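# Commentary on secondary and tertiary structure
Residues per chain are reported as follows:
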Amino acid sequence: MANTGGPNEWKRRVLASAVDTVILYGCEVWGRVMKTKKAKDVVDKVQRKMSLSIASAYRTVSNKDLFVVARAPLLRLRVWARHERKNNKDVLNAWEEEWEERESWTKGLIDNLKS
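Residues numbered from 1 in each chain as written. Predicted model: local features only at pLDDT ≥ 70, side-chain atom pairs only at ≥ 80, totals over all residues. Heavy atoms only, no water.

The phi angle at Arg71 is positive, at roughly 55°, despite the residue not being glycine. Within the secondary structure, Arg71 sits in the loop between helix H4 (63–69) and helix H5 (75–83). Positive phi outside glycine occurs at Arg85, with the angle close to 60°. Among the secondary structure elements, Arg85 is positioned in the loop between H5 and helix H6 (88–101). For Arg85, a relative accessible area of 68% gives the class exposed. (Helix = DSSP H or I, 4+ residues; strand = E, 2+ residues; numbered from the N terminus. Buried < 20%, exposed > 50% of the residue type's maximum accessible area, 1.4 Å probe, protein only.)

This brings us to the environment of Ser56. Examined against the element boundaries, Ser56 turns out to sit in the loop between helix H3 (37–55) and H4. Separated by 47 residues in the primary sequence, Ser56 and Glu9 place their C-alpha atoms 8.2 Å from one another.

So, on to the pattern of salt bridges. Summed over the entire model, instances satisfying the criterion amount to five salt bridges. With a closest N to O distance of 3.7 Å, Lys64 and Glu98 form a salt bridge. Of the two residues, Lys64 is situated in helix H4 and Glu98 in helix H6; the sequence distance between them amounts to 34 residues. According to the relative accessible area criterion, Lys64 is partly exposed, its value standing at 30%. Since its relative accessible area comes to 18%, Glu98 is described here as buried. The structure contains a network of salt bridges with shared partners spanning Asp44, Lys64, Arg76 and Glu98. (Salt bridge = Lys/Arg side-chain N within 4 Å of Asp/Glu carboxyl O.)

At a minimum axis distance of 9 Å, the contact between helix H1 (residues 9–25) and H3 shows a crossing angle of 165°. With respect to each other, H1 and H3 are oriented roughly antiparallel. In the packing of H1 onto H3, the handedness of the crossing is left-handed. Judged by residue contacts, Glu9, Arg12, Arg13, Ala16, Val19, Asp20 and Ile23 of H1 engage Val46, Met50, Ser53 and Ile54 from H3. Per-class residue counts for the contact of H1 with H3 are six nonpolar, one polar and four charged. (Axes fitted to C-alpha atoms, helices over the stretch in contact; angles between N-to-C directions. Parallel < 35°, antiparallel > 145°, perpendicular 65-115°, else oblique. Left-handed = near helix turned anticlockwise from the far one by under 90°. Contact = heavy atoms within 4.5 Å. Nonpolar A, V, L, I, M, F, W, Y, C, P; charged D, E, K, R; others polar.)

It is worth spelling out the packing of H1 against H5 at this point. The contact between H1 and H5 brings their axes to 10 Å, and the two run at 40°. On the basis of the axis angle, H1 is oblique to H5. By crossing handedness, the relation of H1 to H5 is classed as right-handed. When H1 is examined against H5, the residues Asp20, Ile23 and Leu24 are found in contact with a partner set consisting of Leu75, Arg78, Val79 and Arg82.

This part is about H1. Its 17 residues give H1 an end-to-end C-alpha distance of 24 Å, which sits within 8% of 24 Å, the value for a rise of 1.5 Å per residue. Structurally, H1 contributes buried residues whose contacts are with helix H2 (27–30), H3 and H5. (Expected span 1.5 Å × (residues − 1).)

Moving on: the side chain of Arg13. With respect to the helices and strands, Arg13 occurs in helix H1. Among the polar contacts made by the side chain of Arg13, one reaches the main-chain carbonyl oxygen of Ala70 at a distance of 2.9 Å. (Polar contact = N/O pair within 3.5 Å; in protein donor to acceptor, adjacent residues only side chain to side chain.)

Right, here's the structure in full:
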């Protein structure tokens, strides 16, 4: 899908939610694997491709900044939450904690992920 032009953000978001659903389908079974760095990197790589499309961003944007701009909570945190039987509030709190540790230009623009 082209970075500019083509489907609008919401159509791209629908496609991304279909991929999320497929990934999250069996995560109760394989979610324990997410403790390894390799598994986290694979899931982040998939989410990065979707988020680049949603945000119409350049590929040089860092992952954490990209996921915030695309308004896409970390997929690996959502897998963790499903596996550990947590709710969306726990995912948002974990994402906020990771964001607080981050130092970047987007942190100056987006201080709080919950608003």
